[in-house]
Structure formats: C-alpha cells, structure tokens
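Topology and contacts: notes
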Amino acid sequence: MQLGLDFTLVEELVAGVDEVGRGPLCGPVVTAAVILDPARPIVGLNDSKKLTEARREKLFDEIREKALAWCIARAEVEEIDQLNILHATMLAMQRAVEGLSITPKLALIDGNRCPKLAVPSAPVVGGDAQVPAIAAASILAKVSRDREMAEMEKLYPGYGIGGHKGYPTPVHLEALKRLGATPIHRRSFAPVRNVLEGIE
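Residues numbered from 1 in each chain as written. Predicted model: local features only at pLDDT ≥ 70, side-chain atom pairs only at ≥ 80, totals over all residues. Heavy atoms only, no water.

Where burial is concerned, the two faces of strand β3 (residues 69-75) differ: the one with Ala69, Cys71, Ala73 and Ala75 is buried and the one with Trp70, Ile72 and Arg74 is not. Bridging between strand β2 (residues 29-35) and β3 involves seven bridges; their strand directions are antiparallel. Within the sheet, the bridge partner assigned to Val34 lies in β3 and is Trp70. (Buried < 20%, exposed > 50% of the residue type's maximum accessible area, 1.4 Å probe, protein only. Helix = DSSP H or I, 4+ residues; strand = E, 2+ residues; numbered from the N terminus. Pairing = 2+ DSSP bridges.)

Right, here's the structure in full:
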C-alpha cells in the first residue's frame, strides 16, 4: 500500500529505508530499515555518500545504539541474476522492513518507487538527504556492504574490490578481463556476461 502524503508531518514510528549496491558488478545489494527514537536524536545524519568513512563508521554504531529498531537485509548475487537488480532491491527492502522488531506506521523509501509492504509506504526522491531515518538507513547499508567488500578483497585478491566496492571502475573492468569472473560477480550484468562469453 502506497500513500501520497507530507512525510515531514510524520515523526513517530516511521521507518526510513534505503539501499546500497545497485550499480556494482559483484556482491549483494544491501538494504536497511531504521526507526529513529525522537527522544534520542542523532546529530549529523546525512546521505551516506556525503559523509567520510570515519564519520559513517561512528554513526553506524550510534544508530544501532539509539534507534528504536533497525534491520539490515540483502539480496544475494544469485537473486539479482534471477530477478534483475530492481526486483532484487525491492525484495531486499521488503526483508529489511519485515525484519524490524517494531512494526512501523509508515515506511519512507528512498527513490521513486516502493516495494510491496504490509504497512503504508511512500517514495521520497533524494530521501537520504531529506529524511533522517532514510539517512540512517543509508549509513547502515553502506557501512555493512563496504565491510563485506573489504572481506571479499581477501577472498578474491587482484580485483581491487576493497577499494571500488565492486563498481565498474577501469581497475575492476581490467581485472575482470584479465582474471575472469568470480562466484560473487553478477552474471546478468553486461561487463561480466561479456567476459564469460568471450566478447571484447
């Protein structure tokens, strides 16, 4: 159920929902849902991409400590390849909201569409820079995924995954052509598919 409403008027039991990892060639898409506690404000919440890594790491711990409820969820590479990245992202967002220990009265979703949820929802374009709960969700999702990509660097050295986090940088594309695809690469994405099919 989607609602068209003024999200600035709603303060209590609102879940902010965001994702990280739609564009990378490898790894999961990670989502988070956060219900902030109005009685325990968190200073400095913003779009995770606009914060330094050190600031995100500090806020990651503070959000988990102070939020009324939070959940980090994901869709795996196999699900991305099977469903496509959009539908896999919607599935991961659904899992994040359903995983909350408190049922929100409203879910505000960063972007222009909402997953199918059992609670009212509304999309907010640029929400991670406007809605504190969405900003908090973006931070949890990004820190969680970045940490995982750092671990993947150890399992699959030579690709630079810890640096570019799986995005199609020149370094990643060159390594993909030279070393081939790993089990964590998304086979439905053209650069990976081309390597697997021997297309230059």
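After that view of the structure, there is still more to cover.
Turning our attention to the UniProt feature "binding site: a divalent metal cation" (unreviewed entry) in the protein chain. Residues annotated by UniProt as "binding site: a divalent metal cation" (unreviewed entry) correspond here to Asp18, Glu19 and Asp110. Spatially, the listed residues are clustered: although they cover 93 residues, their C-alpha atoms lie within 7.9 Å of one another. In this fold, Asp110 is placed in strand β4 (residues 106-110). For Asp110, the residues in contact, after removing those within four places along its chain, are Val17, Asp18, Met93, Val124, Gly126, Gly127, Asp128 and Ile134. (UniProt positions renumbered as here; feature names shortened; annotations may be inferred. Contact = heavy atoms within 4.5 Å.)

With mixed pairing, five strands are arranged side by side in an open sheet as β3-β2-β1-β4-β5. Where the open sheet ends on each side, the last strands, each with one partner, are β3 and β5 (121-124). In this sheet, adjacent strand axes meet at a mean angle of 20° when their direction is disregarded. Here strand β1 (residues 14-20) pairs with β4 via four bridges, running parallel. Counterpart to Val17 in the pairing with β4 is Ile109. (Axes fitted to C-alpha atoms, helices over the stretch in contact; angles between N-to-C directions.)

Within the largest apolar cluster, 27 residues are counted, with the highest numbers of intra-cluster contacts made by Val34, Leu36, Leu45, Leu59, Ile63, Leu108 and Ile139. Of all elements in the fold, only β1, β2, α1 (53-66), β4, β5 and α4 (132-155) reach the threshold of two or more residues within this core. When residues of this core are assigned to their parent elements, the largest contribution, nine residues, is made by α4. Ranked by size, the runner-up nonpolar core spans 17 residues in total, among them Ala73, Ile109, Leu117 and Val119. (Core = buried A, V, L, I, M, F, W, Y, C linked by side-chain atoms within 4.5 Å.)

It is worth spelling out unusual backbone geometry at this point. A positive phi angle, close to 95°, is found at Asn84, a residue other than glycine. Turning to its location among the elements, Asn84 is positioned in the loop between α2 (77-83) and α3 (85-98). Residue Asn84 is classed as partly exposed on the basis of its relative accessible area, which comes to 35%. Backbone geometry places Lys165, a non-glycine residue, at a positive phi of 60°. Along the chain, the position of Lys165 falls in the loop between α5 (161-164) and α6 (170-179). Residue classification places Lys165 among the buried positions, given a relative accessible area of 18%.

Quick look at the side chain of His172 now. Among the secondary structure elements, His172 is positioned in helix α6. Taking relative accessible area as the criterion, His172 reaches 0% and is therefore assigned buried. Reaching out from His172, the side chain makes a polar contact with the backbone oxygen of Tyr167 at a distance of 3.0 Å. Apart from the residues within four sequence positions on either side, His172 is in contact with Leu25, Cys26, Tyr159, His164, Gly166, Tyr167 and His185. (Polar contact = N/O pair within 3.5 Å; in protein donor to acceptor, adjacent residues only side chain to side chain.)

Before going further, it helps to examine the packing of α1 against α4. At their nearest, the axes of α1 and α4 sit 9 Å apart, and the two run at 120° to each other. Taken together, the axis directions place α1 and α4 in an arrangement best described as oblique. Viewed along their axes, α1 and α4 form a crossing whose handedness is left-handed. Every residue of α4 that contacts α1 at Arg56, Glu57, Leu59, Phe60, Ile63 and Arg64 is listed here: Ala136, Ile139, Leu140, Lys142, Val143, Ser144, Asp146 and Arg147. The residue makeup of the contact of α1 with α4, split by class, is seven nonpolar, one polar and six charged. (Parallel < 35°, antiparallel > 145°, perpendicular 65-115°, else oblique. Left-handed = near helix turned anticlockwise from the far one by under 90°. Nonpolar A, V, L, I, M, F, W, Y, C, P; charged D, E, K, R; others polar.)

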